[in-house]
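# Structural description and commentary
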Amino acid sequence: MSRRFTPKIVTANDLHKGDVVYLTADDRWSRHHFEAELIEDEAIADIRRIEASRQTGTVVGVYLADARPGPRGPEPVHFREVFRAHGPSNYPHGKQTETAAPRP
Amino acid sequence: MYTYTEFDDAFVRNRVAQFRAQVERRLDGSLTEDEFKPLRLMNGLYLQLHAYMLRVAIPYGTLNSRQMRQLALIADRWDKGYGHFTTRQNIQFNWPVLADVPDMLDALADVGMHAIQTSGNTIRNVTADHFAGAAADEIADPRPVAELIRQWSTDHPEFQFLPRKFKIAVTGSPNDRAVTRAHDIGLRMVRDASGAPGFEVIVGGGLGRTPMIGKVIRDFLPRADLLPYLEAIVATYNLLGRRDNKYKARIKITVHENGLDAFRDAVEARFAELRPAFSGIDQEVLAGIEAQFAPPAFRQADTAIFDARYATDPVFRSWADTNLTAHRDAGHAIVTISLKTPGQTPGDATSDQMRVMADLAERFGHDELRISHEQNVILPYVHRADLPAVFDALRAAGLAAANMGLVSDIIACPGMDYCALATARSIPVAQAIATRFEELKLEHEIGPLKIKISGCINACGHHHVGHIGILGLDRAGVENYQITLGGDGTEDAALGDRTGPGFAYDEIVPAIERIVGAYLDHRDSPAETFLMAYRRLGLGPFKAALYGSGEGARDRAA
Ligand code: SF4
């Protein structure tokens, strides 16, 4: 019995700054969730994750997160990823002010 | 207070130099993350949700004005101008950049501070009663013993790779403000029949996934036997503790699975072997440390200026009634500076606020500050005549909330706003509850009430021992908050009872309001505190207030 695969993005934290980054289709690490590559195929998602994990000099803690298509690009599904894409709720710190990310 | 010896200083500097080289090798690619991670954790550096986080130890919660100013400087220069004080008497900086961390550690070393053993499966920062040395109810200042334990445990060759992390707390007072029964080892100073001071030794307490109240392994341990006995406990745990399953690796499980009696027998046998090796040097060291913790010379002065302000200024009076604690010297008071102004992040202080507190400690407080596990700052030695000036300065800095021990004095862990392990947010829940009760103007009428919030089952926010405990969970991709009632972190330690199904993020504040409403409706008199009322009434009226009449059905669905 096969379940429908939830699309994924590859995400990690930047080695130097520690902030959240997303793997783009053209193999850059973007600060913006909407620029991430939305991967619809499970096997490809695994390959992309494994490739990204080898970039140990650039990023830390690579993993796949659920995402869905949105008007500007992929949007986070789980609330943890919403917070990661935005920043903490108690101060205007992190992505919400540093990268002009839209409010979720 | 304790000042570093040359040995301490050289040790810490050496560790910073080592770590600087490790960071360089990580950044130039010679170390992988797998190799680097244990090294950074040994130096208190975590990777959290949005950034790295540096956790700095404040041993037994004591620091001086110079150290506090240095924390402010670090916050300004390498972070975002604030720091977060934690339930383990540490401070966390939430935004450091990896390459800056060695400089931050050097700046800490300049004032005799470090981030060693704030992580990893070692003996962590030893915590103590935040009123130590000042409290009226104290047998003796517990900090010399805490410092002795710090020296013994720091870099202890046998205990760098324990089955799991290990936390020790000490109190010198019968009124336990150090939550000793929720630690791997808790030490409570007691006297034996002849009046000689010693310790009641408690083992196997802890919160987290499997919360347990510690058990007394020794009713009375003579002071001179402390280190060999601690060594025997930790060595026994090192041998018997499980390494196959990290959820069963804490000493509380070791004690539980082996039984207290069998564990005690093993400890006593080991103690008998170890005791002769302790020739008394530890006691000489302790005597030296004790000299450094000698109480300040308490000045005798007229308190008329305090009395006059108290009689005429209701705002000052409210603060004095709420945030002062009885001092061993009648002319002095212990001041609790609230880092819980309603709406604020519990435990956060800006660099400016840190400098204000440092100045006050220097001018009025014998240069001492304490960090409490309840995430407030203490000035332990303020003469009553100086209290009006201290209050005015605090008020100007936004630090004069009169809420110690009240509903808005909430412990909250960082939760999902920062912590990578979190399953839900805790900070905004604390902010919303505090703001709501501020609006209701009911706080002082409600009286003593400790709310404690954790953002996951690890329980850094001590929710199990909160009179009202809140645990944030992820239920099918939605934040959900479970409530426990009747927990207690004092000498009468108790774990809270779960009320039933949890509440969604936007339901949790009204739920807490209903609990408090039920308490106000059911209490005998204002003298019956929330905890007393709960102990008398049990869950019943609170469940009814929370869930209404459909409670049975919802309960089964929990
Ligand atoms: S209780 Fe959980 S969420 Fe809160 S600080 Fe601890 S590990 Fe993080």
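Every chain is numbered on its own, with residues counted from 1 as its sequence reads. Chain letters start at A and ligand numbers start at 1, both assigned in the order the entries are written. Since the coordinates come from a predicted model, pLDDT governs what is reported: local features require at least 70, and pairs of side-chain atoms require 80 or more to be given and counted, while whole-chain, interface and lining totals use all residues. Heavy atoms from the whole structure form the basis of all side-chain values; hydrogens and water molecules are not counted.

## So, the site of the ligand
One heavy atom within 4 Å of a molecule or strand makes the whole residue count as near it. By nearness alone, every residue bordering the ligand is listed as C413, P414, G415, C419, L421, A422, G455, C456, N458, A459 and C460 of chain B. Note on residue categories: nonpolar means Ala, Val, Leu, Ile, Met, Phe, Trp, Tyr, Cys or Pro, charged means Asp, Glu, Lys or Arg, and polar means any other residue, Gly included. By residue class, the composition of the shell around the ligand is 8 nonpolar, 3 polar and no charged.

## Some thoughts on the layout of surface pockets
Residues and elements named next belong to chain B. Using a grid of 1 Å spacing that covers the protein atoms alone, one calls a set of points a cavity when a 1.4 Å probe fits there but cannot get out, and a pocket when the set is open and has protein on both sides within 12 Å along at least five of seven lines; lining residues are those with an atom within 4 Å of a point. Grid points are joined across faces, edges and corners, and a volume is the space filled by probe spheres set on the points. For the second largest pocket, the calculated volume is near 700 Å³. What lines the second largest pocket is a set of 33 residues, among which R177, E374, K450, H467 and T490 lie closest to the centre. At the level of elements, α11 (314–323) and α17 (530–537) are the ones that each hand at least two residues to the lining of the second largest pocket. Numbering goes from the N terminus for both helices and strands, where a helix is a DSSP run of H or I of at least four residues and a strand is a run of E of at least two. Tallying contributions element by element places α17 first for the lining of the second largest pocket, with 3 residues. A per-class count over the lining of the second largest pocket returns 10 nonpolar, 13 polar and 10 charged.

## As for the interface of chain A and chain B
If you look at the interface, chain A gives 25 residues, while chain B gives 33 residues. Both sides together, the interface formed by chain A and chain B hides about 2,300 Å², and carbon and sulfur atoms give 59% of it. Salt bridges are counted wherever a side-chain nitrogen of Lys or Arg sits within 4 Å of a carboxyl oxygen of Asp or Glu. One can count 1 salt bridge joining chain A with chain B. Counting of polar contacts relies on pairs of N or O atoms within 3.5 Å, with two restrictions inside protein: one atom must be capable of donating a hydrogen and the other of accepting it, and residues adjacent in sequence are counted only when both atoms are side-chain atoms. Counting every contact that joins chain A to chain B gives 12 residue pairs in polar contact (both at pLDDT 80 or more). Of all the secondary structure elements, the ones that give two or more residues to the side of chain A that touches chain B are β1 (8–14), β4 (59–68) and α2 (79–86) of chain A. Here the side of chain A that touches chain B gets 4 residues from one element, more than from any other, and that element is α2 of chain A. The contact criterion used is simple: two residues touch if any of their non-hydrogen atoms lie within 4.5 Å. Joining two parts hides part of their accessible area as seen by a 1.4 Å probe, and the buried area is that hidden amount summed over both.

## Looking at empty space enclosed by the protein
Residues and elements named next belong to chain B. Summed over the entire model, instances satisfying the criterion amount to 7 cavities of 30 Å³ or more. Within this model, the second largest cavity holds a volume of roughly 60 Å³. Forming the walls of the second largest cavity are V12, R15, V16, N43, L105, M113, H114, A115 and I116. Its residues assigned to classes, the lining of the second largest cavity shows 6 nonpolar, 2 polar and 1 charged.

## Looking at the nonpolar core
Soluble, globular proteins show a tendency: their nonpolar side chains are buried together. Residue and element names in this part refer to chain B. Ranked by size, the top nonpolar core spans 65 residues in total, and within it M68 and W319 carry the most contacts. In this document the domain limits rely on a domain assignment from an automatic tool or a database. The two domains that each donate at least three residues to this core are domain 1 (6–109) and domain 3 (304–396). With sequence-adjacent residues up to four places away left out, W319 is seen in contact with L324, V335, T336, L387, F391, L394, A400, A401 and A402. Each nonpolar core is a collection of buried residues, namely Ala, Val, Leu, Ile, Met, Phe, Trp, Tyr and Cys, held together in the definition by side-chain atoms within 4.5 Å. Each residue gets one of three labels from its accessible area relative to the maximum for its type: buried under 20%, exposed over 50%, partly exposed in between, using a 1.4 Å probe on protein chains only. Judged by nonpolar contacts, the second largest core, of 41 residues, contains I149, F166, F278 and L286.

## Let's talk about the sheet that holds β4 of chain A
Strand pairing is defined by DSSP finding a minimum of two bridges between the two strands. Read across the open sheet, the 5 strands follow the order β3-β2-β1-β4-β5 (chain A); overall the sheet is antiparallel. With one partner strand each, in any of the chains shown, β3 (29–30) and β5 (75–76) of chain A form the two edges of the open sheet.

## What about the pattern of salt bridges?
All told, the structure shown has 55 salt bridges over all chains when counted by the stated rule. In this structure, the salt-bridge partner of D26 of chain A is R28 of chain A, at a minimum N-O distance of 3.3 Å. The class for R28 of chain A is partly exposed, based on a relative accessible area of 42%. With its nearest N and O atoms 3.5 Å apart, the salt bridge here joins D106 of chain B to R13 of chain B. Here R13 of chain B lies in helix α1 (residues 6–27) and D106 of chain B lies in helix α4 (residues 101–109), a separation of 93 residues in the sequence. Looking at D106 of chain B, the relative accessible area reads 23%, which means it is partly exposed. Several salt bridges share partner residues, and in doing so they unite D14, K17, D19, R31 and E98 of chain A together with K80 of chain B into one network.

## Looking at the side chain of T171 of chain B
Residue and element names in this part refer to chain B. If you trace the backbone, T171 turns up in strand β7 (residues 168–171). The exposure class assigned to T171 is buried, which follows from its relative accessible area of 0%. At 3.2 Å, the side chain of T171 forms a polar contact with the backbone nitrogen of S173.

## Thoughts on the domain arrangement of chain B
The parts lose accessible area when they come together, and the size of an interface is often stated as this lost area. Structurally, chain B comprises domain 1 (6–109), domain 2 (142–291), domain 3 (304–396) and domain 4 (411–557). Relative to domain 3 of chain B, the C-alpha centre of domain 2 of chain B lies at a distance of 33 Å.

## Considerations on α2 of chain A
All names here are of chain A. The buried fraction of α2 amounts to 8 of the 8 residues, a majority that puts the element mostly inside the structure. Along α2, the residues that are buried comprise F79, R80, E81, V82, F83, R84, A85 and H86. Following α2 by one or two positions, G87 has its phi on the positive side, about 125°.

## So, the packing of helix α12 (residues 351–364) of chain B against helix α13 (residues 387–396) of chain B
Residues and elements named next belong to chain B. Two elements in contact, α12 and α13, have axes separated by 10 Å at closest approach and are oriented at 170°. In terms of axis orientation, α12 runs roughly antiparallel to α13. Across the interface between the two elements, V356, L360 and F364 of α12 pack against A389, V390, A393 and L394 of α13. Split by residue class, the contact of α12 with α13 holds 7 nonpolar, no polar and no charged. Axis definition: a line fitted to C-alpha atoms, over the contacting stretch in the case of helices. Angles run 0 to 180 degrees between N-to-C directions. In what follows, roughly perpendicular refers to angles from 65 to 115 degrees, roughly parallel to angles under 35, roughly antiparallel to angles over 145, and oblique to any angle outside these ranges.

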